[in-house]
Every structure is written in C-alpha cells, then in structure tokens.
Amino acid sequence: MERFLKKTRIFIIIFWVLAAVVAVFALPNVSQLVQNKGQITVPRSANVSEGRRLQKKLNPGEPVSSDIIAVYNSGANKKLTKRQISEIRSSVTKVSRNRAKYHITAITSLLDGKSVRQQLTSKDQTTMLVQISVKSNQNQISQRSAAIKQALKADHLRLNMTGSSLVNHDFASATQDGVKKTEVIAIVFILIILVLVFKTPIIPVISLLTVGISFLTSFSLVTNLVQNYNFPFSNFTQVFMVVVLFGIGTDYNILFYTRFKRELGLNPEKTTNEIAVKTLFSAGKTILFSGSSVLIGFSTLALAKFSLYQATSAVAISVLILLLVLITLTPALMSLFGHGLYWPSKNFDGEGGSKIWQGLTSTAVKHSVITALATLIIAVPVAMMFSNRLNFNDLWEVPNQYESKRGINLIQKHFPAGFSSPMTLIISGDKRLDNNQQLYALDMLQNRLKHDKDVSAVMGVTRPLGDRINQLYVNNQLKTLNSGIGQAGTGVSTINNGLKNASDQLGRQQTNTNGVQRLIDGTGQLSSGANQLQAALNTLQSRLASGAAGANQLNDALATLSASTDQLKNGVDQILAQLNQTQVPSREQVQAQIDQLNAMKTVLTPIIQNAVLSGQLPVDQAERINQAFADFPNQLQQLSGLGSQIDDLKNGLTRVDNGLGAMQSGIARMRTGAGQLSSGMQQGASGAGEIASRTNDLTNGLAQIQAGQQQMKTALDGLASRSRELKNGLDRASDGLNQVGQGLNQGQSYVKGLVGNSSSDWLNVPDSVLHSKTFKRSLDQYMSPDRKTTQLTVILKLNPFSHPAIGVANHIKQVTARSLSESGLDHAKVGITGTSMQNFDLQQISTSDFLRTAIIMLIGITLVMILITHSTLYAVTIVASLAGTYFVSLGIGEKISQMLLGRNMLSWNVPFFSFIMLIALGVDYAIFVMMAFNEERGSTVERLVSASNRLGKVVMSAVVILGGTFAAMIPSGILTLIQVPIVVITGLLILAFVTIPMFIPAVITISDWMLRRKFASMKKFER
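Residues numbered from 1 in each chain as written. Predicted model: local features only at pLDDT ≥ 70, side-chain atom pairs only at ≥ 80, totals over all residues. Heavy atoms only, no water.

Engineer: A description of the overall build of the protein chain should follow, citing residues and the corresponding values.
Structural biologist: When helices and strands are counted, the protein chain shows 30 helices and ten strands. Residues counted as buried form 52% of the 1023 residues belonging to the protein chain. Across the protein chain, every contact between residues at least 6 apart in sequence was considered, and the portion connecting residues at least 24 apart equals 84%. Surface summary for the protein chain: the accessible area is close to 46,400 Å², and the carbon and sulfur share equals 55%. (Helix = DSSP H or I, 4+ residues; strand = E, 2+ residues; numbered from the N terminus. Buried < 20%, exposed > 50% of the residue type's maximum accessible area, 1.4 Å probe, protein only. Contact = heavy atoms within 4.5 Å. Areas by Shrake-Rupley, 256 points an atom, 1.4 Å probe, with all protein chains shown as cover.)

Engineer: So what's going on with the sheet that holds strand 4 (residues 158–162)? Residues and values would help.
Structural biologist: The strand order across the open sheet formed by four strands is 2-3-1-4, and the pairing between neighbours is antiparallel. The open sheet has two edge strands with one neighbour each: strand 2 (104–108) and strand 4. Between one strand axis and the next, the sheet turns by 20° as a mean value, whatever way the strands run. Pairing between strand 1 (residues 65–73) and strand 4: five bridges, direction antiparallel. Looking at strand 4, one finds that Ile69 is bridged to Thr162. In this fold helix 7 (residues 141–152) packs onto strand 1, strand 2, strand 3 (127–135) and strand 4, with an angle of close to 155° to the strand it touches most, strand 4. Across the sheet, helix 16 (residues 403–414) lies against strand 1, strand 3 and strand 4, angled at about 105° from strand 4, the strand it touches most. (Pairing = 2+ DSSP bridges. Axes fitted to C-alpha atoms, helices over the stretch in contact; angles between N-to-C directions.)

Engineer: Talk me through the pattern of salt bridges; I want residue IDs and the actual numbers.
Structural biologist: Pairing between side chains of opposite charge can happen when the charged atoms of each approach one another. For the coordinates displayed, the defined rule picks out 14 salt bridges. Asp780 serves as the salt-bridge partner of Lys776, at 3.0 Å between the closest nitrogen and oxygen. Placement of both Lys776 and Asp780 in helix 24 (residues 773–782) is noted, with a separation of four residues, approximately one turn of the helix. Under the relative-accessibility criterion, Lys776 is labelled partly exposed at 46%. Through salt bridges that share partners, Arg259, Glu263 and Lys278 make up one connected network. (Salt bridge = Lys/Arg side-chain N within 4 Å of Asp/Glu carboxyl O.)

Engineer: Describe the nonpolar core, with residues and values.
Structural biologist: In this structure, Phe298 and Met865 are the most contacted members of the largest nonpolar core, which totals 194 residues. It is helix 28 (residues 910–935) that contributes the most residues to this core, 20 residues altogether. Beyond its immediate stretch of four places on either side in the chain, Met865 contacts His870, Ala875, Ile878, Val879, Val923, Ile927 and Met930. Ile68, Met128, Leu152 and Ala154 belong to the second largest nonpolar core, which has 25 residues in total. (Core = buried A, V, L, I, M, F, W, Y, C linked by side-chain atoms within 4.5 Å.)

Engineer: Can you lay out the sheet that holds strand 7 (residues 455–459) for me, pointing to particular residues and giving the numbers?
Structural biologist: With respect to topology, four strands assemble into an open sheet ordered 7-8-6-9, the strand pairing being antiparallel. Pairing within the sheet leaves two strands with one partner each, and these edge strands are strand 7 and strand 9 (829–833). Ignoring strand direction, the axes of neighbouring strands in this sheet form an average angle of 20°. Helix 24 contacts strand 7 and strand 8 (789–796) of the sheet and is inclined by roughly 85° relative to strand 8. Running at roughly 20° to strand 6 (residues 423–428), helix 25 (residues 803–822) makes contact with strand 6, strand 7, strand 8 and strand 9 of the sheet.

Engineer: How would you sum up the side chain of Thr462? Please name residues and give values.
Structural biologist: Mapped onto the fold, Thr462 is located in the loop between strand 7 and helix 18 (474–546). A distance of 2.8 Å separates the side chain of Thr462 from the side chain of Gln446, its partner in a polar contact. Discounting chain neighbours no more than four positions away, the residues touching Thr462 are Leu439, Asp443, Gln446, Ile469 and Leu763. (Polar contact = N/O pair within 3.5 Å; in protein donor to acceptor, adjacent residues only side chain to side chain.)

Engineer: Report on helix 9 (residues 202–229), specifying residues and quantitative values.
Structural biologist: Across its 28 residues, helix 9 extends 40 Å between first and last C-alpha, which sits within 8% of the 40 Å expected from 1.5 Å per residue. Just downstream of helix 9, Asn230 is the residue with a positive phi angle, here 55°. (Expected span 1.5 Å × (residues − 1).)

Engineer: Describe the environment of Ala186, listing the residues and the values that go with them.
Structural biologist: Within the fold, Ala186 resides in helix 8 (residues 164–198). Judged by relative accessible area, Ala186 falls into the buried class, the value being 0%. The spacing of Ala186 and Ala968 is 782 residues in sequence and 5.4 Å in space, taken between C-alpha atoms.

Engineer: Explain a nonpolar patch on the surface residue by residue, including any values.
Structural biologist: A cluster of nonpolar side chains, Ile10, Ile14, Leu18, Leu336 and Phe337, forms an exposed patch at the surface whose accessible area comes to about 450 Å². Secondary-structure elements contributing two or more residues to the nonpolar patch are helix 1 (2–26) and helix 13 (314–337). Take Leu336: it is sitting in helix 13. Its relative accessible area of 36% is what places Leu336 among the partly exposed residues. (Patch = residues over 30% accessible without salt bridge, like charges linked within 9 Å, V, L, I, M, F, W, Y side chains within 5 Å.)

Engineer: So what about the packing of helix 11 (residues 272–299) against helix 13? Which residues, and what values?
Structural biologist: Running from N to C, helix 11 and helix 13 cross one another at 175°; their axes reach a closest spacing of 9 Å. Taken as axis vectors, helix 11 and helix 13 run roughly antiparallel relative to one another. Split by residue class, the contact of helix 11 with helix 13 holds 16 nonpolar, seven polar and no charged. (Parallel < 35°, antiparallel > 145°, perpendicular 65-115°, else oblique. Nonpolar A, V, L, I, M, F, W, Y, C, P; charged D, E, K, R; others polar.)

Engineer: A description of the packing of aromatic side chains should follow, citing residues and the corresponding values.
Structural biologist: This structure, assessed with the given rule, holds 22 aromatic pairs. Between Phe415 and Phe419 the ring centres are 5.3 Å apart and the planes differ by 40°, which places this aromatic pair in the tilted class. Between Arg903 and the ring centre of Trp396, over which it is positioned, the NZ or CZ distance is 4.1 Å. Positioned over the ring face of Phe933 is Arg943, at 3.9 Å from the centre of the ring. (Phe/Tyr/Trp six-rings, centres within 6.5 Å; stacked < 30°, edge-to-face > 60°. Lys NZ or Arg CZ within 6 Å of the ring centre and 35° of its normal.)

Engineer: So, unusual backbone geometry: which residues are in play, and what are the values?
Structural biologist: The omega angle of the peptide bond from Trp343 to Pro344 is 5°, so this bond is cis rather than trans. Note on placement: Pro344 falls in the loop between helix 13 and helix 14 (355–366). Positive phi values are uncommon outside glycine, yet Asn230 reaches one of about 55°. With respect to the helices and strands, Asn230 occurs in the loop between helix 9 and helix 10 (237–266). Given a relative accessible area of 58%, Asn230 falls into the exposed group.

In structure tokens:
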C-alpha cells in the first residue's frame, strides 16, 4: 500500500485538479437553473397541482402565463389627482396597444369601466393597480416585467411591479446572493480557525483545496443532472452543499491532520508515506463511518415525495465525492508534503488532551444518575417551549430591498390583504355549466364563500365583480312580478268596470223601444187627424164651390176647421217631441261602441274559454255570448241607419207643423174676414182645394213614416233581445273577472310574503340574459370555451402568506366540496391555486414527508451506530440523545428568533433542515468519540473519560468550524438561512458541552452498571 501510494500520489493530485477544472467548465448557468428548476413544487396529488392542471382547460392551447401586478402610488398618502389618473390611463393604453411586444396575454385596468376601476383603486384613493398576465417562464419574468414597467411609468408616481412570480424570482435571487456571501464568509472563517488550530498556513490552504475540489466536482455533477435529467433541485441546494461540505470536510481534515501529526511524533523512524497510510487506516476508518452516516442520512431524502426534501439529497452526492477525495487526495498530499504541512512548527509530540471534556465526562460518569436526571429535567421543559407553529410567509424570506416585496407591502397597506395573492378555485366536470341549474349551484358556492368572515370578495361567472347582480335573483324578480300582478289586477278591474258600463248601457237601450212604440202611436193619431182634415177641406171646398153656405155656416165650418187644425198641430208637436226624445246613436257613437265591444271580446274570449274549461260557464251560454258579440255590431249598424230616417221624418213633420201654423193663421184671418167671405169665396175654394191636395200628400207621407217606424220597432225589438243575451253574458263575464281579480289578489299576497324571504333569495338567470352579449363576456372570462370548466377568484381579508390563511384555505376547500356535493356537482374535479392553498399543501406534505423521512434516517443511522458500537443499547441511546438535542434546540432557537429577529415563529422548512443537519452531522461527533472509545482499554468509565480527553479538542474544533460555517449563512438576509443556523448552532453547542461529553457517557455508565448487576445476578443464580 505504501508503494502504491508513493507511485500514484502525483497522479491522484493531478486527477482531482483536472476534475475540478473540467467541473468548472461544465458548470451550467446556475442562476438560470435556480430560476427555472429551483422553485418549490408539490406532488401531483396536491390541491395546487390539480388546480394548475385544471387551469389549463380554461384556455386550452395557450402558453402558461405569469401574473404581474403594477402598483401605482401617489406617495405621502395623497389622493391620486386627475392628472395622475390621466397619465396612468395614457400609459396603460400604450401598453394595451402593444400587447404582442410585451408578451401580454391579458390586462385588467381602469380602461375596463367604472366598476373595474373602483375595484382596482384603494379606498383612500392613493393607490391604483393594473393586473397583467405575461407569457414567460420563471427565468424570463424579471426582464419582461422590467420592460413593461418602463412602458407603464408615469411622472410623479411611484410604480412597483409585484406578484407571486416576481416574489419567487426575487426570493431565488436573494438566495443566490446569500450563497455568495456564505461562501466568502465561510472560507475566510475556516482559514482563520484552521490557522489557530494548527498554527500553520499550509494545512488551511490544503484543507480548503481538497474541500473546494469536492464541492466544485459534486456541484457541477449535480447541476448537470438537474439540467439534463431533471434531478431534484431547489433554492437551498447550493447553500446546503456549501455548508455541509465545508463544515464536515474541514472537520474530517482536522481529524486527519491531527492524527497524522500525532503519528509523525510517535513514529519518527517511519517515512511520511508509511505514516500517511497508517493515518488513512486509523482516522480514515473513523471518517468513513462518520461519512457513511451522513451519506445515509441525506440519501434517505431521495425517498421523500416533496421536491424540496428530495433536492436536499444532492448533499449525499457531494458527501460521497468528499469521501473519495479525502481517502485519495488527502493521503497523497500527506505523503507528498509530510512534515512540511505543519510549517513553521517543529513540534510533533501530538496534541494535548482536552481538560474541559475530561472534566465534564468525569463528573458525568461519577454522578451518572444525577447527570442524566438533571439533563432530562432541564431539557424536557425547554423542548416543550417550541410552539410547533410554523411560518409559511415567503415574504419574510425576501428582504425589503426587492421591488416585489415593496409592491406587496403597498397592496396590503391600501387594499384587502388578500388582493396581493388571490386564491383561484377551479371546478371542472363532464357537463356544461352555462345553464340555470349549474349557475345556481356555482352562485350558491360563491355566496357561501363570500359569507366567510375571513373572505373579502369572491368573483365568478354570476358575480364577475364580486357583487350580486340583483336583477338575476328571484327575490328581485318577485318584486317585479308583484308589481305586474298589481297592474294586472288594476287592468282586470278596469275591464270589469267597462263590462258593467256596457251592461248598463244595454239596459238603458232596451227601455228606448217603448218610446218608438209611442212614436208609432203618435204617427197613427197624426194620420187620423190628417184624414179628418182632408174630409173637412173637402167639405169646405164643396161648400165654397156651391156658394150655398151663409156666413154663420162659414163661421161654424171655420170653427170646426180650426179645432181640427189645432188637433192636428198638437199631434204633430207630440210626434216631434217623441222623435226628439228618441235617442238614436250617431254613426261615430255606434262605431265607438262596436270598437269597445271588439276590445271587450278580445279580453273576454280567453276568460270565457277558461270559464268553460273550468266548468263555471255552460257551453251553450258561451256560444250565445259569442253569437251576441257577432250579431250586435250589425244591429248597431241598422240602428245608426234609422237615425237618418228619423231625421228626415223630423224635417218633414217640422215643415207640416209650420204649415199647420200657417193654416191656423189663415183660418183666423178667414174668420175675421167672414164679412169679406162672399167676395173671396172663390179664392177660398181654390185654397181649400190646394190644402186638400197637400193634406192627401201628408196622409201618404204619414203612412210611409208609420211603416218605417214599424220596421224600426221590429229591428229594435230584435236588438233588444240580442242585447239582453249580451247583457247576461257580460254580467257572467264580470263575475268571472271578479273571481280572476280575487285570484290575483291572493297571488299578490303570496308573492308579497315571498319577497324579502331568504328562501327565495336564489339565482334565476332568464334566457334573455343567459344568451345576451353582456353575460357572454362573463362566461368567456370565467369559463372554458366548452363551458365545462369554471373558476372563482377568492380574495381574503387575511395576509395570504400568513399562517392563519392556511386554515382559511383548508376551510374553503371543505366548503367547496360540501357545497358541490349538495348541488349535484359532487363528481366535478376541484383544484385550488394561490399562495394560501400552496402553503396548506406544503404544510400537509412537509409534515408527512418529514415524519417518514426522519424515521428512515434514524433507522439508518441507528444501524450504522450498531456496527460501530457493537451494541444496540448504545446505538439507541446515542440516536435518542441526538433527537432530544434537536427538540431542545428548536425550543431555544424559536425564543432566540423572537428576541433577536422579532419573529415569533420558525419558518416552515427550518425544523426539517435543522433535523437533517443536527442528526446527520451531529452523529459524526458521537462516532468520533465512540471510535476512540473502542480503541481504548480498561473499564467502561475509564474508556469514556480517556476517549473524551483525547477527542475533546477535535470535536470542539469541529463544532466551531461547523457552527461558524452555518453562521456564515446569517448575513444572507434570508430568514430561513438565519433561523437554521440559530437552531443548528444551538444544537451543536448542546452536543459539544452536554449531550456527547456528559449525557451519553452518563446513560452508558448507568446501562453498563445495570448490565453488570444483571450479569452478576445471573452468575449468582447459576451458582
């Protein structure tokens, strides 16, 4: 082995140097790799993963987009002025017109109407938002956001670009910046400590060289696996590889070079080549066992389901390469440089023991029971101080110097906190959702979510801006129906009144036929008087013609004639009076009545039909009413024709009346001129003849008038019969309308009872609205093209990054499942995206994965410890002690974080990373001691004290190195990279001064005493 090492040491050195050089040239762009593949992802079974898959159905075929929020702020808490708003409008318009240039898929801003503008403007009017969706991957988001910001800039306004994608990008950038700081600080710190430990500049440089080669080679290998084979990777992979490799690599080198120096002092006669081989077989054995435990610990992380935990398994690759470097390159360098490694020191007597550890272990084994009990009494309450409440607020991880963090802070200051990162609830099934039944179910879900005390707004297809559209709800529609029923009742009442009026008019028209009969009788009397007049005139004419009558006879004849004339004129006057009393409607009035009857017929026809169908009206009566409606207009037309005949009659009788008046005047003159009768007899005879002839015409005319009056009476009698039937029908129709009115009143009372009732406050989208252009815009915005997938946007009142928001996300998930189950959509798939839901998934996955991974790791490390200690009891004691140290460190670390950082919770991934580091790395020190314990001779107590004395300085130096390396993460500014070192350093100190030098020796002493006592009892029993 010595010869082989001597021949190959130069080759080994050259090989590893070339490997490091090749690794540097093969190293991918780490920053891009972190942005593209370093983001935390959750398993496919998680709610967020399902949500992202379903979200693709909303816009099939479109590339994945990232959401950006542009936050305009006036500054100094002043309201935005009209000029500033105009500048924002101008900038947004410019960007909207150039969407393709800026890779924008959607933009929501004040240009989308008054309602949207109000929603995007803070209540204090100081801040306005513009929501933008951009086609980009995580690596492009920063550049594209910067280009959009440049185009959106407005004078005298603060503009910050933010959003979940930008926060993740800045978190990754901050982590990378932190890694660079950690590397520099760790290297400087390790150099200083190694110089102090070995008092030489050579070993620190060589140690860092070997560890640096291990890191470059392993990191290049891991990143190439990530780039080409999708090996798990995260923001923290690089920083933990740096910390672990430089920490344990330096620890192992300290063990190597301390043992090498000791062997040089103990074996001056041997060559450095021989001593290097001997050191390899002694210290190398310890390092292989220690490294194997670390390797097993980190390798088990590959079995995790959570990508972040899987990504930490990359440390196992770096540990494996470190071990290869240490067992090949370190012995080659020892063989090559020999004593020169410790220049300028010439003392090779070996390092002295550790009085501190010797004293701690001596006290512990001397008072083992007290030490063990005291440790437990102190440790248990301290461990219970840990609240087990973890922080999932990624914003705590991003320093305020980053723009995305400032933008989120502005949004949470001026808007509901959830506005900065809304939750999106996606529902997808195999049935269309754009119908009344499914829209009702979706609206009920929206309503339930909106009434959660922690929810600020819920926007969806039925409430696109988060507020109810009252016209689409039954309660509002019932109010309209109630008003319509009232108007219908008023209309029915009006029709009923019209029917009653028509019935009354028909009744009055029936009485007018009596006047027509009197008119006929008067006309008969007039005809009789005309006949008497004609006879008197004939007598007068004969007497005048014969001239035989004397003056007295003439006076008598004239008296008779005067009486007959008076009787005739009275008859004519009576006829005229009857004609004037007779009311025959005009054509216009008749037409108006016909129009009214037609309107009544239109209204009454469905009522009569319903009455017949309901059995309230016999069919024959309905037919008579319909026939009356059909005949009555013709009768009215005939009645209007009689009006013109009566007018002619009245004109003729008026002329007769005037003639009789003239006759009376003539007779009077004849009587007064009786003395002149003799001379005028001839004229009298002539006049009498003329009057007689005219009287004959009057008699004929009166006969014709009487015949016409008889026809009119016949027509009026028929009309009266029809009118009576119509009046009866109208009366029955009026009764039916009364029943309709009562039904409407009852319906209105029922509707009034429903209005305002919560049981009637549900969605009902009329077909006219459902198929309208306005509602289609809402469908397009919140549903997929096939209308089988929809989304709801949920804005919380809580900070979506906070721990309480996790519980709200889980509650929303449960409410959604319950609501969909009750509405018949229980077979629909549901996914939820957003920071709060992702944190819920992280909590569930990290908890289950942490427990499973921890159990596997502890079992693996326990098996390694059994191989080393050859005792299951010792192995279980050591592993249990490490686990107890971890819990105590959590309790103390949380309090330190609260006091120094003002954070009352540890970040969600701190317990996991702290566990991995403390268990996987802390077991190294236990292995160091137990390997030395196996090499010692004597009683258990003597071996424990001797091993502690011998390894005390090495372990304490290693703890300082590892603790300092972890402390190098603190200046990164990343909360996780601050809290993990706090917990780990606390644990390392407890391991270095309590657990390993005191508690473990005390428990081993007690167990050994108990075993010896039991063994002695068995021997005594056998004897």
